[in-house]
Structure formats: structure tokens, C-alpha cells
Amino acid sequence: MTAATAIPVARRGFLPGLNPLAKLAAPLPAMVALVFVRDIGTPLAFLALAYATLLAGARLSARGLLLLGVVVPTAVVVVGLGFAVWVDPAGAPPTTEVLRIGGWALTEGALWVGLATGLRLAAIMTLAFIGGLTTAGADLVRALVQQLRVPYRIGYAALAAIRFVPRFGRELELIRQAHRVRGANGGPLTAPARWAQTVVPLLAGAIRHAERVALAMDARAFGAHPDRTERHHVPWRPRDTLFVLGVWAVSAALFVVV
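Note that the coordinates shown come from a computational prediction; the quantities given were computed from them, not determined experimentally.

## Overview of the packing of aromatic side chains
Then, number 1: Scanning the entire structure with this criterion turns up three aromatic pairs.
Then, number 2: Between F46 and F255, the aromatic rings sit 4.8 Å apart at their centres with planes inclined by 45 degrees, giving tilted as the arrangement. Taken as a pair, F46 in helix α3 (residues 41–57) and F255 in helix α10 (residues 238–257) lie far apart in primary sequence, 209 residues in all.
Then, number 3: Owing to a relative accessible area of 0%, F46 belongs among the buried residues under this scheme.
Then, number 4: With 5.7 Å between their ring centres and 75 degrees between their planes, F164 and F168 make a pair best called edge-to-face. With a gap of four residues between them, F164 and F168 both fall in helix α8 (residues 164–181), about one helical turn apart.
Then, number 5: Taking relative accessible area as the criterion, F164 reaches 16% and is therefore assigned buried.

Right, dumping it as C-alpha cells:
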């Protein structure tokens with residue numbers, strides 16, 4: 001038996017249609033190299049590259065836009081100020097003082113060091129969003145099994161574990177609704193008690209779901225053979241190669257120019 005045809009992908013930009021491994025491999029060299037840079041221009045350039053790729057290649061949800069427009073800039077400011085406060089004054093460039101409290105002084109050099117650190121971490125995080133915001137977990141597992149030859153026993157067991165998370169969220173909401181129907185809402189002081197009351201039913205539901213998944217996997221002879229026929233195929237296309245090579249070329253050019 002041959003693998004099934006490729007999964008049809010909704011046209012929401014070019015990024016969701018790429019192989020998940022391509023979206024991991026393309027920014028990976030830049031993410032590793034950014035760990036060792038100490039200037040401001042290089043992470044700022046890669047931050048702009050990641051933003052341009054995400055905004056041009058995917059139709060982000062409101063949560064994704066909030067993440068890029070608010071969370072990332074806020075993280076840069078908070079991390080930058082935090083590192084500026086804790087940086088060793090002897091390791092910072094000798095510059096004028098901005099603030100002095102007793103024997104401690106905040107200098108412009110420390111602020112630049114903190115800003116560079118915040119931008120570096122933000123650039124690495126945003127480059128990771130290229131794959132993280134545009135890839136489904138199931139497709140990533142399928143790509144790992146099909147292209148990187150990860151044993152399907154490991155890959156699909158991990159996929160089953162990943163799918164536990166949204167189910168826990170739904171069950172937790174059902175338990176909370178049941179508590180509200182029974183008048184167990186209470187006030188703010190009863191919040192710890194309500195949380196304790198959800199542990200037992202949530203754990204019982206998790207055990208029941210795990211037993212059903214285990215029975216379903218056993219019924220399908222999971223793990224009985226060295227390989228399995230794939231229902232969904234996630235292929236590696238020429239456009240995936242072009243995307244990886246293009247991002248690598250742009251990354252190398254940015255490191256050289258900046």
C-alpha cells in the first residue's frame with residue numbers, strides 16, 4: 001500500500017503550505033548564530049526579517065497579531081531594563097550615568113547592553129514563531145516520521161500526548177460549568193477549594209481517556225510492525241528547498257552587511 005495523497009492546505013499565505021521541517025530548518029542557523037552576537041543592529045535586522053516573513057506569509061489570528069505587536073515589544077523592554085540593571089558596570093562600555101541611587105549607577109552603556117540582550121532574545125523567539133505560529137502539531141509529527149525517519153512508535157505516541165492538552169481544557173471547562181450549575185461558585189476565598197475539587201474528576205477523566213486511547217492503539221496493532229502505512233502524507237516539495245536556501249542566503253547576507 002502506498003501513502004495517501006498530500007493533505008489539502010487552506011490558502012492562508014505561503015507559510016502554512018510549507019513542510020514543517022522546512023520552517024524549522026530555515027531559521028535555525030540564524031537562531032544559533034544570534035546567541036553569539038552582542039551588537040544591536042544584527043538582532044534588529046533579524047527581528048525585522050521574522051516580522052516581514054510572518055506578516056507576508058501567513059494570515060495571523062488576533063492572538064498572533066497581539067503576540068507580535070504587544071508581547072514581543074514589551075518583552076524587549078522588560079528584558080532590556082532587567083539586564084541593564086543587573087549588568088556588571090565593569091563589563092559595560094564607559095558612558096555617562098543616567099541614574100544613580102547611592103553607590104549604584106545606571107549608565108548608557110548598561111542600557112545598550114540590556115537592549116542588545118532583549119533584542120537578541122526577541123529575534124530568536126520571533127524566528128521560532130515562523131514555524132510555531134504556522135504549523136499544526138500533527139503535521140510536525142508526521143513530517144518527523146516521514147522525512148527524518150523518527151520511529152512512528154515515538155512520533156505518534158507524542159502526538160497522542162499532545163492531543164491530551166486541548167481535551168483537558170474542555171473537560172476542565174465542563175467541570176467548572178457543573179460546579180456553577182450546582183451553586184458551588186462561592187466567593188474569591190473559595191477559589192482554592194474549587195481548584196481542589198476539580199483535580200479528582202479531571203484526573204479520572206484523564207485516566208479514562210488514556211485507557212480508551214490505549215485500547216484504540218492496541219486494536220490497530222500499534223507497534224506490532226516496523227513501519228505503518230501513512231494515512232496523511234506531508235511531502236517535501238521543491239518550494240520547501242527554495243524557502244530554506246532563500247532564508248539561509250538572506251541570513252548570511254544580514255550577518256555580512258550588518
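From this point on, the discussion continues.
## As for the nonpolar core
Then, number 1: Among the nonpolar cores identified, the biggest contains 32 residues, and L15, L34, F46, L47, L54, L127 and F243 are the most heavily contacted of them.
Then, number 2: At eight residues, the largest contribution of residues to this core is made by helix α5 (residues 108–132).
Then, number 3: Residues contacting L47, with those up to four places away along its chain left out, are V72, L119, A122, A123 and T126.
Then, number 4: Counting six residues, the second-largest nonpolar core is a separate cluster that includes A138, V145, Y156 and L159.

## Describing the side chain of E171
Then, number 1: Assignment of secondary structure puts E171 in helix α8.
Then, number 2: Here E171 is in contact with L202, G205 and A206, once residues within four sequence places are set aside.

## Some thoughts on the packing of helix α7 (residues 152–162) against α8
Then, number 1: As a packed pair, α7 and α8 sit with axes 5 Å apart at the nearest point and diverge in direction by 20 degrees. Between α7 and α8, the angle falls in the class roughly parallel. Every residue of α8 that contacts α7 at A160, A161 and I162 is listed here: F164, V165 and P166.
Then, number 2: Residues belonging to the contact of α7 with α8 are distributed by class as follows: six nonpolar, no polar and no charged.

Cut-offs applied
Residues numbered from 1 in each chain as written. Predicted model: local features only at pLDDT ≥ 70, side-chain atom pairs only at ≥ 80, totals over all residues. Heavy atoms only, no water. Phe/Tyr/Trp six-rings, centres within 6.5 Å; stacked < 30°, edge-to-face > 60°. Helix = DSSP H or I, 4+ residues; strand = E, 2+ residues; numbered from the N terminus. Buried < 20%, exposed > 50% of the residue type's maximum accessible area, 1.4 Å probe, protein only. Core = buried A, V, L, I, M, F, W, Y, C linked by side-chain atoms within 4.5 Å. Contact = heavy atoms within 4.5 Å. Axes fitted to C-alpha atoms, helices over the stretch in contact; angles between N-to-C directions. Parallel < 35°, antiparallel > 145°, perpendicular 65-115°, else oblique. Nonpolar A, V, L, I, M, F, W, Y, C, P; charged D, E, K, R; others polar.

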